[in-house]
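# Structural overview
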Amino acid sequence: ENMLRSFVPNTDPMSILSNSCATLNTPTRQAYIGEIEDGWAVATGGNGSAAKSSDELGRLAATCILDKRAFEQERICGKLCVEVFRPRSVPADEEGGEDDVPTTIQHS
């Protein structure tokens, strides 16, 4: 309520409703976009940046599904998207590797 009043002073709202959102963080701090099995793909893990990046993440996810060859040629910051956004598994009972860092969900 204080934040609303600081942005819009001299208002008297009838009610105020706030809601939290979930943020999925991946071990690599990159979204996961890619095929996990033939015909099955994921687009997840916005790491707190999905809203501002949603147009491009959506475009990359659609390209991954609709035109696999084009997705394999896509680049971001000089690197192939297929490697940057490669989905990784997180073994529940093993530790040690890059892919073994737990994925966390934060509520804000």
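In what follows, the structure referred to is the one given above.
Computed from a prediction, not measured in an experiment: that's the story for all the values here. (Residues numbered from 1 in each chain as written. Predicted model: local features only at pLDDT ≥ 70, side-chain atom pairs only at ≥ 80, totals over all residues. Heavy atoms only, no water.)

### A look at helix 2 (residues 50-66)
Counted at 1.5 Å a residue, the expected span for helix 2 with its 17 residues is 24 Å, but the 21 Å between its end C-alpha atoms falls short. Along helix 2, the helix axis deviates most sharply at E56, where the bend reaches about 40°. Turning to helix 2, its buried residues are L57, L60, A61, T63 and C64. Elements that come into contact with the buried residues of helix 2 comprise strand 2 (32-37), strand 3 (40-44), helix 3 (68-73) and helix 4 (81-84). (Helix = DSSP H or I, 4+ residues; strand = E, 2+ residues; numbered from the N terminus. Expected span 1.5 Å × (residues − 1). Bend = angle between axes of the 7 residues up to and from the residue. Buried < 20%, exposed > 50% of the residue type's maximum accessible area, 1.4 Å probe, protein only. Contact = heavy atoms within 4.5 Å.)

### Considerations on the nonpolar core
Among the nonpolar cores identified, the biggest contains ten residues, and these are A31, I33, L57, L60, A61, C64, F71, C81, V84 and F85. When contributions to this core are tallied by element, the ones reaching two or more residues are helix 2 and helix 4. Sequence-distant contacts of V84, that is, excluding residues within four places in its chain, are made with Q30, A31, I76 and K79. (Core = buried A, V, L, I, M, F, W, Y, C linked by side-chain atoms within 4.5 Å.)

### A short note on the pattern of salt bridges
Inspection of every chain in the model, using the stated rule, returns four salt bridges. The closest approach of N and O atoms between E83 and R86, which form a salt bridge, is 3.8 Å. Look at E83 and you get partly exposed, because its relative accessible area is 47%. The class of R86 is partly exposed, set by a relative accessible area of 31%. In this structure, a network of salt bridges that share partners links the residues E56, R59 and E74. (Salt bridge = Lys/Arg side-chain N within 4 Å of Asp/Glu carboxyl O.)

The analysis is restricted to geometry; functional conclusions fall outside its scope.
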